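Residue-level structural notes
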Amino acid sequence: MDMETVSQFLMGHQQPSWDFFNATNAAGPLRFLAALDQNNGSLVLPLLILLPFLLLSLFRHYTNSAVVLTYNDDPASIRLFNQRTGKEQTENLIDYIRKKCPSLSDPARGATFKPTMWMTSGHLQTAYAAYRDFNSVYNIPYERELLSTPDGGTVSIDWAPSVRTMPADDTPTLVLLHGLTGGSHESYIRALVETMTKDHGYRCVVFNARACANTELTSAQLYCGSWTEDLRMVVKHIRKTLPESKLMSVGFSLGANILMNYMGEEGDQCEFLGAMSVGNPFDLMGTCLAIERGWLGSKIYSPAMGGNLRRIFMKHTKWFENSDIVDVDLVLRGVSIRDFDDAVTRRVFKYRTVHEYYRMASSSQRILDIKRPFLCLNALDDPIAVSECLPRDEVKNNPFGLLATTARGGHLGWFEGFWSQKRWCTKPLAEFCIALFEADRRPVSRTPSNKPMIVATEASTLEDKNIIPESHIVRDVKTLKNMDQGGATTKPLRNKMAVEQQHTQKVSSSSSSSSSSQPAERQSVERRKKNSLQAIRPFTRKSFLATLLPLIIYYIMKRR
């Protein structure tokens, strides 16, 4: 075949025939379809019947979202206790999670999110989660308890099952934090509570922030992404009520940001065995800019969230009417969530600008300070907790961290199923929580070293990873006389003496640790190769359909 013939094909002046494909020694699907052409169209009807299934298979191939894990190459080790033998042992944290959480690690056993066919968009998943009525499902009989804060405020916690039904014992307990203006009534909360209590027999406690979930506001303070004192008080109360129960926590959206801030502030003194963050914005400044950048974000999402905050504020304006801190008229004139944070949040919590609040309240700056196993679950098409703000580097440099992402899912959505929709995220969250609970089922008093439950490997200690512990200082709002002193949390500070001491220790031990780190590096390389092969295989098995389908469509159109 000469160049002139090729140019005629490219210019559209001549169409290639099946004789051309045969003459050019075409192989694979082209030769197969050329052979079908000799049968005078006898296979056209079977191909038309097969076409919808091929289209559906190709649609599923591109909409299904496999879980992608990001973690430290040398993760910490978790301490396990065998109740039958009474012996303790340690195991690599990631290997243990892979074994106990198939919904995070095994595509054949649920580590693939298959969205509802008519909800493959992140916007549709988010809208369905916000406007669908879930009152007929996940019926949880809560028992509410009101707690007073030192400044005269009130928060509520909802127990499931009630303390009367399940008295205080050593049953492991999961503490849940809701999203912005949410509460224990939210469907994502009730779905996980039902799974943990009814299916697995654990105890759950939902922490409702001030003025949320019909909790009466009793002071001139709401809540924000950096305020962890209320959560700290709730955890102390739960520990006092359940002295033998081991605790874990999960936060959703803004609640996840508060939880990660709390985990970083507590460090190795944290009462939680581990934590789970779902739909966490991580970087409030970056999230705000990303939402305002798009039309849907600036016209729908931001006004909707700002409106929810204003409705809560309007129910309790009596606490702010005579205050010189908040201008009620300015709050009513606001539209977006940024307007509300500028008019209320940053003023109540003594930040000088709203951007200072966003930057200093972002939990991404505390990921490196967390010293308990934690799982971060996010969808890359989340229109609110956008993917560009995910703390990938911070998770990679924390031996206790695990970041799990799916290509689809929206904001707190992850709905799958055609006729009856259920949240896929409930299963991996329950598996991760149960895995840490079951690692050592002994009550607190019989556990030799409940803090820390995790021992880092020699090659993955925080010092070896150049992470300086306690790099952030927390300040109480009550101690600040004016906004010139900054907000509730100071900017990140690094201890120069700790840096110099760490550098000296690193230089003196570099020669002795070089030989011992080689096996760990070899294992890390093998683990990365295994992960890359697992990510490639699903595509190679189905890529033939993507090649065959356009040719079949072209053949049918040619026969017509």
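Residues numbered from 1 in each chain as written. Predicted model: local features only at pLDDT ≥ 70, side-chain atom pairs only at ≥ 80, totals over all residues. Heavy atoms only, no water.

Quick word on the sheet that holds strand β8 (residues 173-177)
- Across the sheet, nine strands lie side by side as β2-β13-β12-β11-β10-β8-β9-β7-β6; this open sheet has mixed pairing. Edge positions in the sheet fall to β2 (68-71) and β6 (143-148), since each has one partner strand and no second. On average, each strand axis in the sheet is inclined to that of its neighbour by 20°, with strand direction left out of account.
- Bridging between β6 and strand β7 (residues 154-160) involves six bridges; their strand directions are antiparallel. Bridging across to β7, Glu145 finds its partner in Ile157.
- Sheet contacts for helix α10 (residues 254-266): β8, β10 (247-252), β11 (272-278) and β12 (374-379); angle to β11, the most-contacted strand, approximately 145°. (Pairing = 2+ DSSP bridges. Helix = DSSP H or I, 4+ residues; strand = E, 2+ residues; numbered from the N terminus. Axes fitted to C-alpha atoms, helices over the stretch in contact; angles between N-to-C directions. Contact = heavy atoms within 4.5 Å.)

A closer look at empty space enclosed by the protein
- In this structure the tally under the stated criterion is three cavities of 30 Å³ or more.
- Taken as a whole, the largest cavity holds about 120 Å³ of empty space.
- Lining the largest cavity, in full, are Leu177, His178, Gly179, Phe207, Ala209, Tyr223, Trp227, Asp230, Leu231, Leu254, Gly255 and Ile258.
- At the level of secondary structure, the elements contributing two or more residues to the lining of the largest cavity comprise α9 (229-241) and α10.
- The biggest single contributor to the lining of the largest cavity is α10, with three residues. (1 Å grid on protein atoms, 1.4 Å probe; cavity = no way out; pocket = protein on both sides within 12 Å on 5 of 7 lines; lining within 4 Å. Points joined across faces, edges and corners; volume = space filled by probe spheres on them.)

Digging into the side chain of Asn398
- Topologically, Asn398 is positioned in the loop between α16 (392-396) and β13 (401-406).
- Among the residues examined, Asn398 registers a relative accessible area of 0% and is labelled buried.
- At 3.0 Å, the side chain of Asn398 and the backbone oxygen of Ile370 are in polar contact. (Buried < 20%, exposed > 50% of the residue type's maximum accessible area, 1.4 Å probe, protein only. Polar contact = N/O pair within 3.5 Å; in protein donor to acceptor, adjacent residues only side chain to side chain.)

Here we look at unusual backbone geometry
- Between Ala160 and Pro161 the backbone carries a cis peptide bond, its omega angle lying at -10°.
- Among the structural elements, Pro161 can be located in the loop between β7 and β8.
- Even without glycine at this site, Phe282 takes up a positive phi of about 65°.
- By the element assignment, Phe282 lies in the loop between β11 and α11 (284-293).
- Positive phi, normally seen in glycine, also occurs at Lys350, with a value near 65°.
- Structurally, the position occupied by Lys350 is in the loop between α14 (337-348) and α15 (354-361).

So, helix α12 (residues 295-315)
- Helix length check: α12, at 21 residues, gives a terminal C-alpha distance of 30 Å against a target of 30 Å (1.5 Å per residue), a fit within 8%.
- Within α12, the axis deviates most sharply at Ser302, by approximately 30°, and proline Pro303 lies no more than four positions further along.
- Residues Gly297, Tyr301, Ser302, Met305, Gly306, Gly307, Leu309, Arg310, Ile312 and Phe313 constitute the buried set of α12.
- For α12, the elements touching its buried residues are α7 (122-131), α11, α13 (328-333) and α14. (Expected span 1.5 Å × (residues − 1). Bend = angle between axes of the 7 residues up to and from the residue.)

Some thoughts on the nonpolar core
- One finds Leu222, Met263, Phe272, Phe313 and Val344 to be the most contacted residues of the largest nonpolar core, which totals 68 residues.
- The dominant element in this core, judged by the number of residues it contributes, is α10, at six residues.
- Residue contacts for Met263: discarding those within four places in its chain leaves Cys270, Phe272, Gly274, Ala275, Asp369, Ile370 and Arg372.
- Ranked by size, the runner-up nonpolar core spans 49 residues in total, among them Tyr188, Ala404, Ala435 and Phe437. (Core = buried A, V, L, I, M, F, W, Y, C linked by side-chain atoms within 4.5 Å.)

Quick word on the environment of Cys433
- As for its placement among the helices and strands, Cys433 is situated in helix α17 (residues 426-438).
- Between the C-alpha atoms of Cys433 and Ser249, which are 184 residues apart in sequence, the distance is 8.5 Å.
- Not counting residues up to four positions away in its chain, the partners in contact with Cys433 are Leu174, Met196, Met248 and Met276.

Quick word on the packing of aromatic side chains
- Using the criterion set out here, one finds 15 aromatic pairs in the structure.
- Ring geometry for Phe313 against Phe340: centres 6.2 Å apart, planes inclined by 80°, an arrangement best described as edge-to-face. Of this pair, Phe313 sits in helix α12 while Phe340 sits in helix α14, placing them 27 residues apart in sequence.
- On the basis of relative accessibility, which here comes to 3%, the residue Phe340 falls in the buried class.
- A network of ring pairs unites the aromatic residues Trp118, Tyr128, Phe134 and Phe415 as a single cluster.
- Directly above the aromatic system of Phe134 lies the positively charged group of Arg132, at a separation of 4.8 Å from the ring centroid. (Phe/Tyr/Trp six-rings, centres within 6.5 Å; stacked < 30°, edge-to-face > 60°. Lys NZ or Arg CZ within 6 Å of the ring centre and 35° of its normal.)

Comments concerning α9
- Compared with an ideal rise of 1.5 Å per residue, which puts 13 residues at 18 Å, α9 spans 18 Å between its outermost C-alpha atoms and is within 8% of the ideal.
- Residues of α9 that are buried include every one of Asp230, Leu231, Arg232, Met233, Val234, Val235, Ile238 and Arg239, and no others.

A word on the packing of helix α8 (residues 187-199) against α17
- At a minimum axis separation of 10 Å, α8 and α17 run at an interaxial angle of 45°. Compared by their axis directions, α8 and α17 come out oblique. As for how α8 packs across α17, the hand of that crossing is right-handed. Across the interface between the two elements, Ala191, Leu192, Thr195 and Met196 from α8 touch Thr426, Leu429, Ala430, Cys433 and Ile434 from α17.
- Taken together, the residues of the contact of α8 with α17 sort by class into seven nonpolar, two polar and no charged. (Parallel < 35°, antiparallel > 145°, perpendicular 65-115°, else oblique. Left-handed = near helix turned anticlockwise from the far one by under 90°. Nonpolar A, V, L, I, M, F, W, Y, C, P; charged D, E, K, R; others polar.)

Structural notes on the confidence of the model for the protein chain
- Of all residues in the protein chain, 72% have pLDDT values of 70 or greater, and the mean over the chain is 81.
- Across residues 457-479, where pLDDT falls below 50, the model places 64 contacts with residues more than four positions away in sequence or in other chains.
- Overall, residues 528-546 carries pLDDT values under 50, and its contacts beyond four positions in sequence, including any with other chains, amount to 13 contacts. (pLDDT = per-residue confidence, 0-100.)

Focus: the pairing of β8
- Counting buried residues along β8, five of its five residues qualify, which places the element largely inside the surrounding structure.
- Burial of β8 is two-sided: the residues Thr173, Val175 and Leu177 facing one way and the residues Leu174 and Leu176 facing the other way are all buried.
- Where β8 meets strand β9 (residues 203-208), five bridges bridge the pair, whose relative direction is parallel. Paired with Val175 across the strands is Val205, a residue of β9.
- Read from β8 through α8 to β9, the crossover connection turns out right-handed.
- Across five bridges, the pairing between β8 and β10 is parallel. Within β10, the position partnered with Leu174 by the bridge is Met248. (Right-handed = clockwise from strand over helix to strand, strands pointing away.)

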